[in-house]
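# Fold and geometry: a report
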Amino acid sequence: MGYFSYPLDTKVLLRKKLAIKKELLQQDINWISKRVAVLGGSTTNEIVDQLELALLHHGIHAEFYQSEYGKFWEDGMFGDSTIDSFSPDIIYIHTNWRNIQVFPSMGDKPDDVDRLINDEYNRYMQLWQRLKEKYKCPIIQNNFDRPAYRLMGNRDIWDYRGKGNFISRMNQKFYEYAQEQTAFFINDIDYIAQSYGLTEWSDSLYWNMYKYMCPVNAIPYISLSVANIIKSIFGKNKKLLALDLDNTIWGGVVGDDGVDGIKIGKEIPQGQSYYAFQEYCKQLQQIGVVLAVDSKNDEDNAMAGLKHPDGVLRPEDFVVIKANWLQKDQNLRDMSDELSLGLDSFVFVDDNPAEREIVKKQLPYVAVPDISSAENYIKEIDREGYFEVTELSTEDLHKTDQYKARSSARNAQAAFADYSEYLKSLEMKAIITGFDAISIGRISQLTNKSNQFNLTTKRCTEEDIRNMQEDKSYICLCGRLIDKFGDNGIVTVVAGEIIDDALHIRLWLMSCRVLKRELEDVMMNVLVERAAEYGIKTIIGYYYPTPKNGIVKEFFRDMGFILSSGDEDGNTRWKMEVAEYKLRDTQIGLDVTGL
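Residues numbered from 1 in each chain as written. Predicted model: local features only at pLDDT ≥ 70, side-chain atom pairs only at ≥ 80, totals over all residues. Heavy atoms only, no water.

## Remarks on the overall build of the protein chain
Put simply, the rule is: A run of DSSP states H or I qualifies as a helix once it reaches four residues; a run of E qualifies as a strand once it reaches two. Both are numbered from the N-terminal end. The method behind every accessible area is Shrake-Rupley, applied with a 1.4 Å probe, and residues are considered shielded solely by the protein chains displayed. The charged-residue count follows a simple rule in which Lys and Arg add positive charge and Asp and Glu add negative charge, with His and chain termini not counted at all. One atom stands in for each charge, and that atom is NZ of Lys, CZ of Arg, CG of Asp or CD of Glu.
Each helix and strand in the protein chain was counted, giving 23 helices and 18 strands. Expressed along its principal axes, the backbone C-alpha trace of the protein chain runs to roughly 80 × 70 × 50 Å. Looking at the protein chain as shown, the accessible area adds up to about 26200 Å², and 46% of this sits on carbon and sulfur atoms. If you average the places of the 70 positive and of the 90 negative side-chain charges in the protein chain, the two averages end up 2 Å apart.

## A short note on the sheet that holds strand 9 (residues 346-349)
To keep things clear, this is the line we draw: If DSSP finds at least two bridges between two strands, the strands pair. Axis geometry follows a simple rule: fit a line to the C-alpha atoms, using only the stretch in contact for helices, then measure angles between N-to-C directions, giving values from 0 to 180 degrees. Residues are treated as being in contact if the distance between any of their heavy atoms lies within 4.5 Å.
Spatial strand order, 8-7-6-9: four strands in an open sheet with parallel pairing. Edge positions in the sheet fall to strand 8 (318-324) and strand 9, since each of these pairs with one other strand and no more. Going across the sheet, the axis of each strand differs from the next one's by a mean of 15°, ignoring polarity. Of the pairings in the sheet, the one linking strand 6 (residues 240-243) to strand 9 comprises four bridges and is parallel in character. Bridge assignment links L241 to a residue of strand 9, and that residue is V347. Contacting strand 6, strand 7 (290-296), strand 8 and strand 9, helix 15 (residues 328-339) runs over the sheet at an angle of about 150° to strand 8.

## Quick look at unusual backbone geometry
As a rule of thumb, non-glycine residues mostly have phi less than zero, and peptide bonds are mostly trans rather than cis. Of note, the amide linkage connecting Y6 to P7 takes the cis form, showing an omega dihedral of -10°. Topologically, P7 is positioned in the segment before helix 1 (10-15). One non-glycine residue, S340, lies in positive phi territory at about 55°. Summarising the element assignment, S340 is placed in the loop between helix 15 and strand 9.

## Here's the deal with the sheet that holds strand 4 (residues 139-142)
Taken together, five strands build an open sheet; the order of strands is 2-1-3-4-5 and the sheet is parallel. Every interior strand has two partners, whereas the edge strands, strand 2 (60-66) and strand 5 (184-187), have only one. On average, adjacent strands in this sheet sit at an angle of 25° to one another, irrespective of strand direction. Note: strand 4 against strand 5, four bridges, orientation parallel. Each bridged residue has a counterpart across the sheet, and for I140 the counterpart in strand 5 is F185.

## Digging into helix 21 (residues 462-470)
The criterion, for reference: Any residue under 20% of the maximum accessible area for its type is buried, any over 50% is exposed, and the rest in between are partly exposed; the area is computed with a 1.4 Å probe on protein chains only.
Of the positions making up helix 21, those classed as buried are E462, E463, I465 and M468. In the core, the buried residues of helix 21 are packed alongside helix 6 (110-135), helix 20 (440-449), strand 12 (474-483) and strand 13 (486-499).

## Overview of the packing of aromatic side chains
Worth spelling out the cut-off: For Phe, Tyr and Trp, rings pair up if their centres lie within 6.5 Å, where Trp contributes its six-membered ring, and each pair is then called stacked (planes under 30 degrees apart), edge-to-face (over 60) or tilted (otherwise). By definition, being over a ring means that NZ of Lys or CZ of Arg is both within 6 Å of the ring centre and within 35 degrees of the ring normal.
Inspection of the entire model under this criterion finds 26 aromatic pairs. Relative to F103, the ring of W97 has its centre 6.4 Å away and its plane inclined at 55°; by these criteria the two rings are tilted. Considered together, W97 and F103 belong to a single accessibility category, that of buried residues. Through a chain of ring-to-ring contacts, three or more aromatic side chains come together here, namely F72, Y121, Y124, W128, F144, F174, Y177 and F184. One Lys or Arg, K163, reaches over the ring of F103 and ends 4.6 Å from the middle of that ring. We note K173 situated over the ring of Y121; from NZ or CZ to the ring centre the distance is 4.8 Å.

## Section: the pairing of strand 8
Heads up, the condition is: By convention, a crossover is right-handed whenever its connection, traced from the first strand over the helix to the second and viewed with the strands pointing away, goes clockwise.
In terms of residue burial, strand 8 counts as a mostly covered element, since six of its seven residues are buried. Note that strand 7 and strand 8 share six bridges and pair parallel. In the strand pairing of strand 8, K296 is matched with N324. Note that the unit made of strand 7, helix 14 (residues 299-306) and strand 8 has a crossover that is right-handed.

## What to know about the environment of T492
Applicable threshold: Counted as a polar contact is a pair of N or O atoms within 3.5 Å, where, for protein atoms, one must be capable of donating a hydrogen and the other of accepting one, and residues adjacent in sequence contribute only when both atoms are in side chains.
Positionally, T492 belongs in strand 13. A residue is classified by how much of its surface remains accessible, and T492, at 0% relative accessible area, is buried. Along the chain, T492 and G479 lie 13 residues apart, while their C-alpha atoms are 5.1 Å from each other. Those residues in contact with T492, other than ones at most four positions away along the chain, are L446, L477, C478, G479, W508, L509, M510, L519 and M523. Side-chain polar atoms of T492 contact the backbone oxygen of L509, separated by 2.9 Å.

## Considerations on the pattern of salt bridges
Applied cut-off: Any Lys or Arg side-chain nitrogen found within 4 Å of a carboxyl oxygen on Asp or Glu counts as a salt bridge.
For the structure on display, the rule yields 29 salt bridges. With a closest N to O distance of 2.5 Å, K322 and E338 form a salt bridge. Of this pair, K322 sits in strand 8 while E338 sits in helix 15, and the two are 16 residues apart along the sequence. Of the residues examined, K322 reaches a relative accessible area of 13% and is grouped as buried. Through salt bridges with shared partners, a single network forms among K17, E46 and D49.

## Focus on empty space enclosed by the protein
Heads up, the condition is: Computed over the protein atoms alone on a 1 Å grid, cavities are sets of points where a 1.4 Å probe fits but cannot get out and pockets are open sets with protein on both sides within 12 Å along at least five of seven lines; a residue lines them when it has an atom within 4 Å of a point. Grid points are joined across faces, edges and corners, and a volume is the space filled by probe spheres set on the points. Under this grouping Gly is polar, as are all residues other than the nonpolar Ala, Val, Leu, Ile, Met, Phe, Trp, Tyr, Cys and Pro and the charged Asp, Glu, Lys and Arg.
Following the criterion strictly, the structure yields three cavities of 30 Å³ or more and no others. Quantified by volume, the largest cavity comes out at close to 360 Å³. Considering the residues around the largest cavity, the lining is formed by 27 residues, among which S232, N237, E391, Q445 and K449 are closest to the centre. Secondary structure elements with two or more residues in the lining of the largest cavity: helix 11 (219-233), helix 18 (399-413) and helix 20. The biggest single contributor to the lining of the largest cavity is helix 20, with four residues. Considering only residue class, the lining of the largest cavity consists of 10 nonpolar, nine polar and eight charged. Each pocket or cavity is described by its volume, and for the second largest cavity that value is around 60 Å³.

Given below as structure tokens:
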């Protein structure tokens, strides 16, 4: 289903939206359900229709609330029983430059314009703060596009009275607010308008006739942009970029042309296109994307190509290099196993349409962009929004090292016949702390990304985590695991709510990259000790099944809990008396100085 491949076929998306919705709903995936409130400064019906399709594409089944036309501020500030009972999981404010109430006049002084900007900005800020206080959910706000005319020509963008200057300054205040807040995000319609073409975007026919802020054919681009933010918030981003080599990251075939014959570098036009693409891939590492090679090649030739003096990417930039003569879909399966990463988090890039088609057919969960020529690779991949950033934690900056360590640990395991001896050889140490300001972003990420070891499947925003941290009725723990191969970062989270003399586990999850390392035993030991300090007599655990978390179905039983209830859907409730718990032996050293 390539409906959302760049460039979008907007006519098909608009004309066949009911058929596309039906087709998307037939996907065999682990759906998550969300309620989205759309507060519009213009007509939003088609925005919502296309947003629904784009979210389904990302595995999110959404319900929608729409404000009355043009009543985004009133609905947000004062609300009504409908939106209150809807209880949104996310709010999208769909405004544009026409929703700015007052622009400067030529007779205004600089101080007058400053007041206009502050008044207009404060109007929006009041709305955002009201929504945050009332609904406690993430907010997405459009920045402002710009009109198609410039009253003063080029001066309009720099003169303090210019409409273009006013819009630019307003946008900057929005960005500064976003920098200071959590769970607040900007949908960059200014960029979308420029990409679409400002002249076409600003065709006033659509505003005059339908109160659409842009042409109907541009609407799917807006909706997909919003959907990319939402799927990133709720952990649906891609994580790994698997790259072919020949004619993908360099021009030519290294096995035939030799290292000296491949085209890469700044000296020739074609080589510069590949150089720029390698540079883009290298930059993706800085936002937590991990790189891998999947190429039909002799390994020696592949390594030689990656060491070309004019290239950007080097062998050490890749967590896995599969340069062999196996089918590429098999290599991707092997990568998934080695790294404990789901195939639905993979993007596979190959210049060969036949290879792309095989992967699409054999591995439908892998994203496979239809790239064209080297000069377009960056645009075609970037505008798919695979790696949309909503939170950037310190953990993301070290993803390559962490996944390399995971691969090294897995390879080391093969050398041991006894698993406990293997664990001992890892020289592991766990650092267990409470939730703090530094860890909140990473904890929120984990709740939205961890699917296999996730007992309650609870997804949390940073605001949710902060509320747990500040709530005296919660015991909150997070764990970092260090071994001889490196620091895995924060990889496990537990949060329990104290009710009377019982602790109810609301959240327990662990990253799949440290599965079967006994870290869950360490966390249980620490949790029980903390519960005893609080005078808690009983711990209650919950398991809610999903298609992906079957590996923890018997987790509580394995930890010594007794099943107290269950239902026909597989939801179970478990109970353990604190006084009866026996500390579990592990091969992990423990540091709890942060508690």
